[in-house]
Every structure is written in C-alpha cells, then in structure tokens.
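Breakdown of the fold
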Amino acid sequence: MEFNVKKLASDAGVFFSRAMQFTEEKLGQAEKTELDAHFENLLARADCTKNWTEKILRQTEVLLQPNPSARVEEFLYEKLDRKVPSRVTNGELLAQYMTEAANDFGPGTPYGKTLIKVGETQRRLGAAEREFIRSASISFLTPLRNFLEGDWRTISKERRILQNRRLDLDACKARLKKAKAAEAKAAAEHELRLTQTEFDRQAEVTRLLLEGISSTHVNHLRCLHEFVESQTNYYAQCYQFMLDLQKQLGRFSGTFVGNAESASPAAATSPPVAAATLPAVPTIPVVPTIVGVPNSMAEGVLNPNEVKPPASGTRRARVLYDYEAADSTELALLADEMITVYSLPGMDPDWLIGERGNQKGKVPVTYLELLS
C-alpha cells in the first residue's frame, strides 16, 4: 500500500509538472524545445495521410453501401466480431419482383416475357454488384482500416509519449535555470541529462514510425490499383449484361407490338376516328407485297440477297460497339468501322439495313452513329 501511495504521488507530481510546463508555453512564459524541420515535415505528412485516409475510407463505404442504416448495422457486427448477415442487393430484389409480376401477368405474354428477360439481367447485375462490394472491401477498405486502427494508433501513442518527454525535458531546463545552490544545480543537470537521453530515444522511435508512412503510401497505391481493377471489371460486366439484354429485346420487340395489337379487343372495336387520332406504331406489314420491297421482307423475314438499296436515302454510319449477329439476316459489326445504312418501307424503326462491301444484313440503330 505504501508503494502504491508513493507511486501515485510521483505520477501526480510528474503530471502537475507537465501541466505547468504546457500552460506556461501556451502563455509564452516558458521556452519550448523545437523539433527539426524534417521531423516537423514527417509529422505534417502523417497527419495529412491520416485525415485523407479517413475521408477516403468513409466515402468508399458510402459508395459501396449507400444505406446509412445498413452501414451502422455492418459496423456493429464488426465491432461485436460477428459475421454480417447476407443482404439481398437492390438489383436482386428488383429481379425477384419482376419475376413474380411476370408469373402473375402470364410468362407467355409479351409483357411477361420482357419482365422475365429484364429481371434475369437485373439478377445478374445484382450478383455482379455483390462480388464488386466483396472484392473492394477486401482489397481496398480493409488495408485502409488496418492502417487507421493499427499503424496510426501506434504512431499516435508514440507521439504522445514524445510530447511528454519533451515537456519533461523543458521542465528540467527551467528548473536548472532557477537553481541557485551548487548542489541543486548538480542535481538539476543530472536530471536534465537523463531526461535528454529519454527524449532523444523516443524521438528516434517516433521518427522511424513516421518515415514508415512512405511504405504505407506504397501499399495504399497498390490497393488503389486493385480497387480500380475491381471497379473496371464490375462496370464492364454491367455493360455487357445490358448489351445482351438490349440485343434480346430488339429481336422480338416488333413481335410484341404485333401481339399486343392483335390481342387487344379494343383495337378491333375502336371507332375509326379514335384510331386516326392515335400515333401510328411502325410494325412489319403483313400484306402480300409492297412495291419495291421483296416478298420475304413483307412477310417479316429478311433475305439479304434480295434487298436492294433505295435510289436515294443511303447514309454513312460509324459503329459504336461490337455487335454479334444473331442469325443470317443480321450483319455482325466491329466498333469504329464505317458502313452504309438505309431503311426500307415497313421496317422496325430500331433497325436499318447495313452494307459492308458485298455483305448485307439488319443492324440495330443504337449501335450506330449516323453521319451525313
């Protein structure tokens, strides 16, 4: 008990001495040992790294999980060292709703078929998003969090110790100046030498840790490259999924319109005046022949060998994206190539006839940039 009381009194005396020294420095009544310029630069760089790492970490978390409630839940699970429960992504939830709606409306109807197609793509987008979040968390968020919760805590601890050593050193310097008797000066000089040694040792330890910030930057740079790669793969997958969906919908969009018109009883009984006021929906005509258009085209089946360009109205077009022909009636495209395009009477407005040399076929308008 006696030992504890003495230690408590000693610690209280040291704390009081440091508090006095700190207060007098703030009031300009005491001198302060200044660190060298290189050390100060290391401190400033470390603080800058810590501050920006925190901001980047928090904003990346917002990017990966925009829902603040979900972020709080994940934080609590992490602190409790428990596994975060699997959460359905927004895309997967939308896919579920679309599939259920298609079953109610009828999976064989045009609307039901489209809902199923779009829902399947949304499911794939949701799965890709889940994988991207997992990859980004492992390769980017975890290293940033480890730095803040590991290396930075160690640096902060050693900086606090260095601050205390400096206050002790400056307090000893002040006592030496105030000492009058030779015995008091000798004791103050001895204490100053010991305090100076401890300060120098702690300054070297802190300096080494601060210089390690450079290796931290190198590690974070590598993690940043991995994050960009994950993001690139994710958006490339999403882009390809949407291109595939667009291609699938483009193949039977005209059929859906035709089915919708024939299936609607109101279409057969609506007054002629009302029908005339509605905008015309371009569909493939079902009449036996159209002047200037082959019979195969009039029946909705394109034979490229029978197609002849109109006397006027052809245009040049630049291909924006690669396109794989679905069948022999379509023309495969390569990005950035130039082709000649034109339209025929009765064609779906989303498609044109494309020519490249001796090759002909239907091409989707959304894949083209039409030129003069």
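Structure first, text after, so check above.
Quick look at the structure, then. Small disclaimer: the values here were computed from a predicted structure and weren't measured.

What counts, and at which threshold
- Residues numbered from 1 in each chain as written.
- Predicted model: local features only at pLDDT ≥ 70, side-chain atom pairs only at ≥ 80, totals over all residues.
- Heavy atoms only, no water.
- Core = buried A, V, L, I, M, F, W, Y, C linked by side-chain atoms within 4.5 Å.
- Buried < 20%, exposed > 50% of the residue type's maximum accessible area, 1.4 Å probe, protein only.
- Helix = DSSP H or I, 4+ residues; strand = E, 2+ residues; numbered from the N terminus.
- Contact = heavy atoms within 4.5 Å.
- Pairing = 2+ DSSP bridges.
- Expected span 1.5 Å × (residues − 1).
- Arc of directions from axis to C-beta.

1. A closer look at the nonpolar core
Counting 30 residues, the largest nonpolar core has Phe39, Phe132 and Leu210 as its most contacted members. For this core, the secondary-structure elements that each account for two or more residues are helix H2 (37-64), helix H5 (110-178), helix H6 (182-211) and helix H7 (213-263). With 14 residues, the top contributor of residues to this core is H5. If we skip the residues at most four places from it in the chain, Phe132 touches Leu64, Phe227, Ser230, Gln231 and Tyr234. Listed in part, the 17 residues of the second largest apolar core include Val319, Tyr323, Trp351 and Ile353.

2. Side note on the pairing of strand E1 (residues 315-319)
On a regular strand, each side chain points to the face opposite its neighbour's, so the side chains alternate between the two faces of the sheet. Examined bridge by bridge, E1 and strand E2 (residues 338-342) share four bridges and lie antiparallel to one another. When the sheet's bridge partners are listed, Arg315 is paired in E2 with Val341.

3. A look at unusual backbone geometry
Even without a glycine there, the phi angle at Asp336 is positive, about 75°. Locating Asp336 in the fold gives a position in the loop between E1 and E2. Asp336 sits in the exposed class, given a relative accessible area of 53%.

4. Overview of helix H4 (residues 90-105)
An ideal rise of 1.5 Å per residue puts 22 Å on 16 residues; H4 measures up with 22 Å between its terminal C-alpha atoms. When H4 is considered as a whole, its buried residues turn out to be Gly91, Glu92, Ala95, Met98 and Ala102. Axial view of H4: buried residues confined to an arc of 120°, hence all on one face. Residues Asn90 and Asp104 are exposed on H4 and point more than 90 degrees away from its buried face. In this structure, the buried side of H4 is in contact with H5. Positive phi shows up at Gly106, right after H4, with a value of about 110°.

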